[in-house]
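Report on the structure
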Amino acid sequence: MELEIRSKVLNGSLFEEKLKQLPNIRVKKTGEREIDTYIRQPCSDGNNIIFRIRRKQSGSVFTVKTNSPAEKKDILWHDVDMSLATPDILEEILMSNGWKYAVVIDKVRDSYEYGEFEINYDNILDLGIFVEIEYQAKEGEDTEIKLREMKKTLSFLGCPENDIINKGYVKLMLEKQVS
């Protein structure tokens, strides 16, 4: 399962300075553009299951995410990624069979490895700059300790706990489109 939390980055200079101070942080990738097309099944509001086609320079990926426990509704997901050789064909098949577009997230991502966490610095078109911390939890693992560690890391990076957003990029973009 994927545990993820995020925060808007209000001070990019401070964030970058603090990021360099994290011990043993390792760059995974920088400046990679990712275009995420979120699609939902007919007759679905997209709240329980998410389908994503991610297009990026290093290859495309099809992702299926389903909610996990209600108390962590938008931060803990069952997550399956599959390499995708022909994203346009899959998208065409789904759309021609009644599937609906939910939202497109167009971002440039820098990714870092920090211990058991992945830290993503995302510049998202029409949303702004965010930091997201992810942890791959084991089935049945109590994630509270990791969640506290993730919040502590965000705080160190200049994003205090009261700035943490317990919504995914999809919900944030949908809310922006409505307003």
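Residues numbered from 1 in each chain as written. Predicted model: local features only at pLDDT ≥ 70, side-chain atom pairs only at ≥ 80, totals over all residues. Heavy atoms only, no water.

**Side note on the overall build of the protein chain**
Basically, it comes down to this: Working definition: helices are DSSP H or I runs of at least four residues, strands are E runs of at least two. Numbering for both runs from the N terminus. Note that the radius of gyration is over C-alpha atoms, with the globule rule given as 2.2 Å times the number of residues to the power 0.38. Categorising residues by exposure relies on relative accessible area from a 1.4 Å probe, with only protein chains included: less than 20% of the type maximum marks a residue as buried, more than 50% marks it as exposed, and the intermediate range marks it as partly exposed. Contact between two residues is taken to exist if any of their heavy atoms lie within 4.5 Å; hydrogens are not considered. Method for areas: the Shrake-Rupley scheme with a 1.4 Å probe, in which residue coverage is limited to the protein chains shown.
Tallying secondary structure elements over the protein chain gives four helices and nine strands in all. Taking 2.2 N^0.38 as the reference for a compact globule, 179 residues should give roughly 16 Å; the C-alpha atoms of the protein chain span a radius of gyration of 16 Å, in line with that estimate. With respect to the three principal axes, the spread of C-alpha positions in the protein chain is 50 × 35 × 35 Å. Going through the 179 residues of the protein chain one by one, you find that 46% of them count as buried. In the protein chain, once contacts between residues fewer than 6 apart in sequence are set aside, the share between residues at least 24 apart is 61%. For the protein chain, the accessible surface area stands at approximately 9600 Å², while carbon and sulfur atoms represent 51% of it.

**A look at helix α3 (residues 144-156)**
The condition that has to hold: Each residue after the first adds 1.5 Å to the expected span of a helix. Taken from the helix axis, the directions to the C-beta atoms give the arc we talk about.
With 13 residues, α3 ought to run about 18 Å at 1.5 Å a step, and its terminal C-alpha atoms sit 18 Å apart, in line with that. All buried positions along α3 are accounted for by K146, L147, M150, T153 and L154. For α3, the buried positions fall inside an angular range of 120° around the axis, keeping them on one side. Turned more than 90 degrees from where α3 packs its buried face, R148 and K152 sit exposed. Packed against the buried residues of α3 are β1 (2-8), β6 (100-114), β7 (117-124), β8 (128-136) and β9 (164-165). Just past α3, the residue G158 takes up positive phi, approximately 95°.

**Observations regarding the pairing of β6**
Test applied: In this description, strands pair whenever DSSP reports at least two bridges between them.
By the bridge criterion, twelve bridges tie strand β2 (residues 26-40) to β6 in an arrangement that is antiparallel. Bridged to T37 within β6 is V104. Note: β6 against β7, eight bridges, orientation antiparallel. Note that in β7 the partner of S111 across the bridge is N120.

**Quick word on the layout of surface pockets**
To be explicit about the condition: With a 1 Å grid laid over protein atoms only, a set of points is called a cavity when a 1.4 Å probe fits there but cannot get out and a pocket when it is open yet has protein on both sides within 12 Å along at least five of seven lines; lining residues have an atom within 4 Å of a point. Grid points are joined across faces, edges and corners, and a volume is the space filled by probe spheres set on the points. Amino acids are sorted into nonpolar (Ala, Val, Leu, Ile, Met, Phe, Trp, Tyr, Cys and Pro), charged (Asp, Glu, Lys and Arg) and polar (every other residue, Gly among them).
Taken as a whole, the largest pocket encloses approximately 780 Å³ of empty space. When grouped by side-chain class, the residues that make up the lining of the largest pocket number twelve nonpolar, seven polar and 24 charged. Taken as a whole, the second largest pocket encloses approximately 160 Å³ of empty space. Around the second largest pocket, the lining residues are L22, Y114, G115, E116, F117, E149, K152, T153 and F156. Of the residues contributing to the lining of the second largest pocket, the split by class is four nonpolar, two polar and three charged.

**Quick notes on the confidence of the model for the protein chain**
Spelled out, the test is: pLDDT is defined as a per-residue confidence score from the predictor, taking values between 0 and 100.
Of all residues in the protein chain, 93% have pLDDT values of 70 or greater, and the mean over the chain is 90. Mean pLDDT across the secondary structure elements of the protein chain bottoms out at strand β5 (residues 76-84), with 87, and peaks at β7, with 97.

**Some points on the pattern of salt bridges**
Heads up, the condition is: Take a side-chain nitrogen of Lys or Arg and a carboxyl oxygen of Asp or Glu: if they are within 4 Å of each other, that pair is a salt bridge.
Throughout the structure, instances matching the rule amount to 24 salt bridges. Between R55 and E91 there is a salt bridge, with its nearest N and O atoms 2.5 Å apart. Here the residue R55 occupies a position in strand β3 (residues 49-56), and E91 occupies one in helix α2 (residues 87-96), the gap between them amounting to 36 residues. For E91, a relative accessible area of 13% puts it in the buried group. E161 serves as the salt-bridge partner of K151, at 3.4 Å between the closest nitrogen and oxygen. Here E161 lies in the loop between α3 and β9 and K151 lies in helix α3, a separation of ten residues in the sequence. According to the relative accessible area criterion, K151 is partly exposed, its value standing at 24%.

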